[in-house]
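Commentary on secondary and tertiary structure
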Amino acid sequence: MHRREVLRTAALAGVAGLFGSRGGAAVEAEIELRPESPGATIDPHVYGHFIEHLGGVIYDGIWVGRDSKIANIQGLRRSFVDDMKRIGAPNLRWPGGCFADGYHWRTGIGPAARRTRTYNYWEAQMPKGTNATETNEFGTHEFMALCRLVGAEPYLAANVGSATPQEFYDWVGYCNAPAGSLSLADERAANGDREPFNVRFWGVGNESWGCGGNMKPEEYATEYRKFIAQVPAYTKPFLVAVGPRGHSLDMDMGWTTGFFEGLRGARGRIPDGYALHYYTDFRPTPVKAETVANAAEWYAVLHKGALMDQVIERHWEAMGKVDREHRSKFVIDEWGNWYNASSRPLEPRYLLSQWMTLRDALHAAMTFDIFHRHAEKIAMANIAQTINCLHSLFLAQGDRYVRTPVYHVFEMYRGHMSGRVVPMTVKAESMQVPLLEGTGRMASVAGSASLKEGVLTVSLTNPGDAAMPVRLRFDGAKKPAEARASTLTHESRGAANTFESPEEVRPAALKADVSAGAVSLLLPKQSATVITVRMA
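Some thoughts on the layout of surface pockets
In this model, the largest pocket occupies a volume close to 510 Å³. Around the largest pocket sit 20 residues that line it, and Leu-249, Asp-281, Phe-282, Lys-304 and Leu-307 are the ones nearest its centre. Only strand E9 (273–282), helix H9 (295–305) and helix H10 (308–319) provide two or more residues apiece to the lining of the largest pocket. Grouping the amino acids of the lining of the largest pocket by side-chain chemistry returns 10 nonpolar, 6 polar and 4 charged. As for the second largest pocket, its lining consists of 17 residues, and the residues nearest its centre are Gly-55, Tyr-59, Asn-131, Ala-132 and Thr-133.

Observations regarding the state of the cysteines
Overall, the coordinates contain 1 disulfide when judged by the stated rule. Across a sulfur-sulfur distance of 2.1 Å, Cys-98 and Cys-211 are joined as a disulfide pair. One disulfide, between Cys-98 and Cys-211, carries an S-S torsion of -85 degrees and so falls in the left-handed class. Of this pair, Cys-98 sits in the loop between strand E5 (91–94) and helix H4 (140–150) while Cys-211 is found in the loop between strand E7 (201–204) and helix H7 (217–228), placing the two residues 113 residues apart along the sequence. Given the relative accessible area of 10%, Cys-98 is considered buried. Cys-175 takes part in no disulfide bond, and the closest cysteine sulfur, belonging to Cys-147, lies 10 Å away. Looking at Cys-389, it has no disulfide partner, and the nearest cysteine sulfur is the one in Cys-98, 11 Å off.

Describing the pattern of salt bridges
If you walk through the whole model with that rule in mind, you get 23 salt bridges. Between Glu-334 and Arg-93 there is a salt bridge; the shortest N-O distance is 3.0 Å. In this pair, Glu-334 is assigned in strand E10 (residues 329–339) and Arg-93 in strand E5, connecting sequence segments 241 residues apart. Residue Glu-334 shares its accessibility class with Arg-93, and that shared class is buried. Arg-400 is the salt-bridge partner of Glu-500, the closest N and O atoms lying 3.9 Å from each other. Highlighted residues: Glu-500 in the loop between strand E21 (480–488) and strand E22 (508–510) and Arg-400 in strand E13 (residues 400–403), separated in sequence by 100 residues.

Rules and cut-offs
- Residues numbered from 1 in each chain as written.
- Predicted model: local features only at pLDDT ≥ 70, side-chain atom pairs only at ≥ 80, totals over all residues.
- Heavy atoms only, no water.
- 1 Å grid on protein atoms, 1.4 Å probe; cavity = no way out; pocket = protein on both sides within 12 Å on 5 of 7 lines; lining within 4 Å.
- Points joined across faces, edges and corners; volume = space filled by probe spheres on them.
- Helix = DSSP H or I, 4+ residues; strand = E, 2+ residues; numbered from the N terminus.
- Nonpolar A, V, L, I, M, F, W, Y, C, P; charged D, E, K, R; others polar.
- Disulfide = S-S within 2.5 Å.
- Buried < 20%, exposed > 50% of the residue type's maximum accessible area, 1.4 Å probe, protein only.
- Salt bridge = Lys/Arg side-chain N within 4 Å of Asp/Glu carboxyl O.

Okay, here's the thing in structure tokens:
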């Protein structure tokens, strides 16, 4: 047996023996669940994705071309399509990102050989001598084909920074007008798709406080009102307004306050969605993606990621001062870890590719649990980005392809999709942890629970450096009949999946004992665990 397998087996030893050796001492964490009092539904769109014309995300990541020797479906990398279907990807956000506010949709339709070559916003950051011209080979029809193959809803980001409201309306008409109704619909049919795409989700710009126009919040509020004034409603649109850069030092509260005040008293509806962006941003620090040199670097990232909880609470409160009925929900359409420039897993031209380690998987798990606990506030979330960039689920270059540890979190957490949040009380001491500067406190165990069709899904993270015995107790008449669990962990904090070792970090079964109306298990150190409980 490989050494890694020996260590994994030892780490996941049965809980019965462990509890016996403790001489009946109380477990270190007790979690009380109330499955008979479920709350808000976790929208499947919380597990959404973001793909942008940036580095190797589209070209060579997703799009390999119809004539490629790499296995593909209509030019789309087959492995990517299959894996996205496997995790039930609910949506895809495209074409950006910063790329969106320089993108004119007409450059990406019609015969590929006749499409206009354009400048890509990200070209300025490409290595010297690298050609980053945007070929527009991947456009609206290719994106819609990807969505159909995956089973995901399209979420289009419209150009507010350099386009006009009419260009936006025309794109909506091109995508959604019934066959034969408009000249735009005839044009869509001539380009290969007679039936409408029925796009529901539309972002009205992107980061308009920065690369999307360098606007003030009041200025963007004016632009937003102009852009939504005559949006065609063939498919009732779900309109998403640009939200704040929540990872700034002050969480950019002024943007939220200024934008919503800019809507006060004006005609035009409150946005359906409000696009909060939150990166666990470590670009100014020595923390690098490919190394987890010490405990401080491990905990610093997870501690900062957990601030998502406060960011959601504070902006929700600010929005409610104008949107008192909270008609607008969060669309957290960019989130994830962003590390300092360092060595990359891919060539330099694949901008912002990062090693994804066990740390990033735990960060994703902790973030999803936060989203679940705020289910009534969040309509959608989109990890940035799905492949070859930042907090990615996949790395691909040429015929090489690998799932990162982050992918496995999406796969493990699928049971939460469309479940109703179950109240959870965690009784466990918090931890004092080292950070890059000083120390801080964070939960020693955290998680969420949801109920769907009589099955309870409980997800728990243990970021600490020791295994933790946990007992799940159930408040109410219904008790667990059986339970099973899986966990994602590794003896090394910096473990990653590579092209050479694609299975280094992967889920493993974990023993869960059902006895006396409770479920007992041992959470391995530095782990994300999902327990599935069938209720009696």
